[in-house]
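Breakdown of the fold
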Amino acid sequence: MSTLTPAQKQEIAVALAARRAQLAAEIRTELERSGNEHFADLAGEVNDAGDASVADMLIDHEIAIVQRQVEELSQVEAAQKRVSEDDYGACEECGADIGVQRLLAVPHATRCINCQGQHEKMYAHESTPKL
């Protein structure tokens, strides 16, 4: 169980709501912008393999941005649910309190700083692109 005061929980709930609104707006803007860009605009008039490759890379980059935003939005919404159900502030790995300062900095955190560090060490290789 977390040692958060009601005022701290309220502060975190407000921060989560603000971040949720910001992410929703960013996702909407990115999707509208990407919907207005056509392959021909990205690749230019001459459709050679290089132009097509650059256009594909730009499209993939836009998709990756939206995916990251959607993932964070999901984490924020899950945190909002945990706050409202009073199941908030305990590390999902070890059960210890996550810590007030960490929760104020990263309101959707699900691990204490020690468990998060271990998680990042263990899974660091997964996000490394390979050719």
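Heads up: these notes are all about the structure in this document. All residue numbers here refer to positions counted from 1 along the written sequence of the relevant chain. Whole-chain, interface and lining totals are the exception, using all residues; otherwise, since this is a predicted model, local features are given only for residues with pLDDT of at least 70 and side-chain atom pairs are given and counted only at 80 or more. Excluded from the side-chain calculation are hydrogens and water; included are all heavy atoms of the structure.

When helices and strands are counted, the protein shows 5 helices and 0 strands. Strands are runs of DSSP state E lasting at least 2 residues, helices are runs of H or I lasting at least 4, and numbering of each runs from the N terminus. When the helices and strands of the protein are listed from N to C terminus, the series reads α-α-α-α-α. The buried label goes to any residue with under 20% of its type's maximum accessible area, the exposed label to any with over 50%, and the partly exposed label to all in between, with areas taken from a 1.4 Å probe on protein chains only. Looking at the protein as a whole, 25% of its 131 residues qualify as buried. Throughout, a contact is declared for two residues whenever any of their heavy atoms are within 4.5 Å. Considering only residue pairs separated by 6 or more positions, the protein has 58% of its internal contacts joining residues 24 or more positions apart. Carbon and sulfur atoms form 56% of the exposed surface of the protein, whose accessible area is close to 8800 Å². All accessible areas in this document rest on Shrake-Rupley with a 1.4 Å probe, and a residue is counted as covered only by the protein chains that are shown.

What follows deals with the environment of Pro107. Looking at the element boundaries, Pro107 is found in the loop between α4 (100-105) and α5 (113-123). Residue Pro107 is classed as buried on the basis of its relative accessible area, which comes to 13%. With 32 residues separating them in the primary sequence, Pro107 and Gln75 have C-alpha atoms 9.5 Å apart. Contact partners of Pro107, with chain neighbours within four places excluded, come to Ile12, Ala15, Leu16, Ala79 and Tyr88.

Let us look at the nonpolar core. The biggest cluster of nonpolar side chains holds 18 residues, and the ones touching the most others in it are Leu4, Ile12, Leu16, Val83, Tyr88, Cys91 and Leu103. Where this core is concerned, the elements lending two or more residues are α1 (6-36), α3 (49-84) and α4. Sorting elements by how many residues they give to this core places α3 first, with 5 residues. The contacts of Val83, once residues within four sequence positions are left out, are Lys9, Ile12, Ala13, Leu16 and Tyr88. What we call a nonpolar core is a set of buried Ala, Val, Leu, Ile, Met, Phe, Trp, Tyr and Cys residues that are connected through their side-chain atoms within 4.5 Å.

Estimates place the volume of the largest pocket at around 230 Å³. Site definitions follow a grid-based scheme: protein atoms alone, a 1 Å grid, a 1.4 Å probe that fits but cannot get out for cavities, and for pockets an open set with protein on both sides within 12 Å along at least five of seven lines, plus lining residues having an atom within 4 Å of a point. As for the largest pocket, its lining consists of Glu72, Gln75, Arg102, Val106, His108, Ala109, Thr110, Arg111, Gln116 and Glu120. Only α3 and α5 provide two or more residues apiece to the lining of the largest pocket. Taken together, the residues that form the lining of the largest pocket break down as 2 nonpolar, 4 polar and 4 charged. Grid points are joined across faces, edges and corners, and a volume is the space filled by probe spheres set on the points. Residues are grouped as follows: nonpolar covers Ala, Val, Leu, Ile, Met, Phe, Trp, Tyr, Cys and Pro; charged covers Asp, Glu, Lys and Arg; every other residue, Gly included, is treated as polar.

By salt bridge we mean one thing: a side-chain nitrogen of Lys or Arg within 4 Å of a carboxyl oxygen of Asp or Glu. Here the structure, examined in full by the defined rule, presents 6 salt bridges. A salt bridge links Glu77 to Arg20; its shortest N-O distance comes to 3.0 Å. Separated by 57 residues along the polypeptide, Glu77 in helix α3 and Arg20 in helix α1 bring together distant segments of the chain. On the basis of relative accessible area, Arg20 is assigned to the partly exposed category, the value being 35%.

Tracing the backbone shows Arg19 in helix α1. Separated by 88 residues in the primary sequence, Arg19 and Pro107 place their C-alpha atoms 9.5 Å from one another. Every residue in contact with Arg19, bar those within four places of it in the chain, is listed here: Glu26, Arg68, Glu72 and Val76. Here the side chain of Arg19 touches Glu72 through a polar contact of 2.8 Å, side chain to side chain. Under the rule applied, a polar contact is a pair of N or O atoms within 3.5 Å (in protein, one hydrogen donor and one hydrogen acceptor; residues adjacent in sequence only if both atoms are side-chain atoms).

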